[in-house]
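Chain by chain, the residues:
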Amino acid sequence: MSDALLEVRDLVVRYGEVTAVDRVSFSLAAGETLALDGPSGCGKSSTALAVLQLRRPSSGEVVFEGRELTALPERELRPLRPRMQPVFQDPYGSLSPRHRIRDAVAEPLKVQGRWSSTEGPARVAELLDRVGLDPSYGDRHPHELSGGQCQRAGIARALASEPRLLVLDEPVSSLDPSVRAGVLNLLADLQDDLGLGYLFICHDRAVVRHFADRVVEMRDGRVISG
Amino acid sequence: MEPEKRSEALLSVRELRIAFDGVETVRGLSFDVRPREVLAIVGESGAGKSLTARALLGMLPRDATTSGTIRPDLAAHRGRRISLVPQDALSALSPVHPVGDQLAAAVRSVSGVSRKEARARAVAALDRVGIPDAARKARAYPHEYSGGMRQRAVIAMATINEPDVVVADEPTTALDEERRDQVLRVLAEQREAVGAALVLVTHDMDAVREHADRVLVMYAGHLTELGPADEVLGRPRAPYTAGLLASLPQHAPPGRRLPALRGTPPAPGALPPGCAFAPRCPLAADVCRAAEPEPQQVEGRLVACHRWAELPHPATELFQEQTAEEGEERQPA
């Protein structure tokens, strides 16, 4: 598939003698949600880390926007990293407790050299607004936010990098049902508006069935269906 | 308010209040646990459901102040008449003793049986919860058990002395679906086998549907709705219950957008005037902002809502129009 946003071929991840991911292949188009489903320890999260090149795979290929990533040295990977952003399960753990929300969202802009003192603050406010947070939340620290608000801030931070792919690792698993529905609705809106591809890791089948376009089922490191 | 009939109760909770630093998180809660029933307690984080469960066990944090009554005082016989299945099985087991020894110690703590007899009961209990080769596994340490096996060992521990009440506090939250199903099944089997009542604190509505006889829905430290589980889930009478159920993806109408409750539950100590749910409620009227509703009898259940009679069924469309843009979680708290 040449129009795939992400194509994973025969991905293998080994930790010492343990093979956590065993020849996993799938592809994902822009605007599409692909779910990785399976029991604890089946290799879902290891697959996610390998796709993000946060853990280099033992073998196999990860082709993102037409470029094969596994062979690239870190120096060449760095300009591509903003385009694939993770959102993790624990919204508090993924934001520094000592930084205000506004600084957490501004950080990618600054690191990537896209910050200006005139337009930067307005961009942060716009991102917070985009995820349904009143910009006044920018003054707060993570512990002053609810779990759902914190997860929204994490999504705003990911969006600051202008990604094409979000790797969502159990993004709603620690949230209460009514808050979870709001965050899933937000993700659906963002995908419709921005054409983002989602690699969606979730162990709640009802959420997966509702939210994903396609499901890849994993067990013991292998794809068993999908 | 109209409490339940006391005659049916194994355990009666009346006007329970739990506060920290003068801020009440459980605010005058009354309910019964009946013999051999499965009573689910549901609600969102901060609703007070875990604190209520801990109060039944006499296991509240030291800085909690309480009032109200829980009768009889089963907590004085914790481990014998009432026991706990916690969320985190690892924290419930000592890492430095074999699992079988821990079960045997639990037996000997409440009865004068011999060491040998206690050991035999421990092995039998592990066997009952489906631990393979129980005699050998009884000599193993918790770290040598898989996560699912540890959870079953904790269930064996909680039921080995045949208590009247087992309290399970989010027993499946950390588990994947396969292990969740297994743990719920073993819990239901063991409860049945020893004839205990089960108080199941959970936010897993499927678990409530599959296992509970009755369900207590809590919001901001208050009873919102209490009644037979199939009736409450089948036709909620309180708007909060209806919104909670509508937001579940398993009940979602076609289309990607889920019905959602706007906003978040109020922080303890920052309650709005009147009904604590009013700011999020699509049916809220002046009366709701003026006075907090007391639980009243409605068709064989208790409902704390001024406007219950106005709630349509199904209520899904009441919660449909509210999008993130229209204010979910946007008001600064």
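All figures in this text were calculated on a predicted structure; none of them were measured in a lab. (Residues numbered from 1 in each chain as written. Chains lettered and ligands numbered in written order. Predicted model: local features only at pLDDT ≥ 70, side-chain atom pairs only at ≥ 80, totals over all residues.)

A. How the structure looks around the overall build of chain A. Secondary structure assignment for chain A yields seven helices and 10 strands. Seen through its principal axes, chain A has C-alpha atoms that stretch 45 × 40 × 35 Å. Here chain A, with 226 residues, has 46% of them falling under the buried criterion. Across chain A, contacts joining residues at least 24 apart in sequence account for 69% of those joining residues at least 6 apart. (Helix = DSSP H or I, 4+ residues; strand = E, 2+ residues; numbered from the N terminus. Buried ≥ 20, exposed ≤ 12 C-beta atoms within 10 Å, placed from the backbone. Contact = placed C-beta atoms within 7 Å.)

B. Highlighting the pairing of strand β7 (residues 197-201) of chain B. Residues and elements named next belong to chain B. Counted residue by residue, β7 has five buried out of five residues, so it is predominantly covered. Here β7 shows a buried face lined by Ala197, Val199 and Val201 and a second buried face lined by Leu198 and Leu200. Pairing of strand β3 (residues 38-42) with β7, which is carried by four bridges, proceeds in the parallel orientation. Bridge pairing links leucine 39 to valine 199 in β7. Note that strand β6 (residues 165-169) and β7 share five bridges and pair parallel. Looking at the pairing, valine 165 lines up with alanine 197 of β7. (Pairing = 2+ DSSP bridges.)

C. Expanded view of the domain arrangement of chain B. Residues and elements named next belong to chain B. According to the domain assignment, chain B consists of domain 1 (11-215) and domain 2 (235-330). Each of domain 1 and domain 2 was reduced to a C-alpha centroid, and the two centroids are 31 Å apart. On the side of domain 2, five residues touch domain 1, which itself brings seven residues to the contact. The biggest single contributor to the side of domain 1 that touches domain 2 is strand β2 (residues 23-33), with three residues. When the residues that make up the side of domain 1 that touches domain 2 are grouped by side-chain class, the tally is three nonpolar, two polar and two charged. (Domains from an automatic or database assignment. Nonpolar A, V, L, I, M, F, W, Y, C, P; charged D, E, K, R; others polar.)

D. Fine view of helix α1 (residues 49-57) of chain B. Buried within α1 of chain B we find Lys49, Leu51, Thr52, Ala53, Ala55 and Leu56 of chain B. A positive phi of about 65° marks glycine 58 of chain B, the residue just after α1 of chain B.

E. The arrangement of the sheet that holds strand β1 (residues 11-20) of chain B in detail. Residue and element names in this part refer to chain B. Here three strands make up an open sheet; going across it, the order is β2-β1-β4 and the pairing antiparallel. Of all strands in the sheet, those bounded by a partner on one side alone are β2 and β4 (64-71). Direction aside, neighbouring strands of the sheet carry axes that sit 5° apart on average. Taken together, the seven bridges between β1 and β4 define a ladder with antiparallel strand orientation. Opposite alanine 19, over in β4, you have threonine 65 as the bridge partner. Across the face of the sheet, α1 comes into contact with β1, β2 and β4 while running at roughly 120° to β1. (Axes fitted to C-alpha atoms, helices over the stretch in contact; angles between N-to-C directions.)

F. Molecular detail of the nonpolar core. Grouped together as the largest cluster of nonpolar side chains are 166 residues, with contacts concentrated most on Leu199 of chain A together with Val199 of chain B. Each of domain 1 (11-215) and domain 2 (235-330) of chain B contributes no fewer than three residues to this core. Ignoring sequence-local partners within four residues, the contact set of valine 199 of chain B consists of Val33, Leu39, Ile41, Ala53, Leu56, Val165 and Val167 of chain B. (Core = buried A, V, L, I, M, F, W, Y, C linked by C-beta atoms within 7 Å.)

G. Inspection of the packing of helix α3 (residues 99-110) of chain B against helix α6 (residues 147-159) of chain B at higher detail. Residues and elements named next belong to chain B. Running from amino to carboxyl end, α3 crosses α6 at an angle of 15°, the nearest separation of the two axes being 9 Å. Classified by the angle between their axes, α3 and α6 sit roughly parallel to one another. Both α3 and α6 take part in a crossing whose hand is right-handed. On α6, the residues that touch Val99, Gln102, Leu103 and Ala106 of α3 are Ala153, Ala156 and Met157. Along the lines of polarity and charge, the residues of the contact of α3 with α6 split into six nonpolar, one polar and no charged. (Parallel < 35°, antiparallel > 145°, perpendicular 65-115°, else oblique. Left-handed = near helix turned anticlockwise from the far one by under 90°.)

H. Region of interest: the interface of chain A and chain B. With 27 residues of chain A at the interface, the matching set in chain B holds 27 residues. If you list the elements that add at least two residues to the side of chain A that touches chain B, you get α5 (147-160), α6 (177-194) and α7 (205-211) of chain A. Ranked by the residues each element gives to the side of chain A that touches chain B, the list is headed by α6 of chain A, at 10 residues. Partitioned by chemical class, the residues of the side of chain A that touches chain B number 11 nonpolar, 11 polar and five charged.

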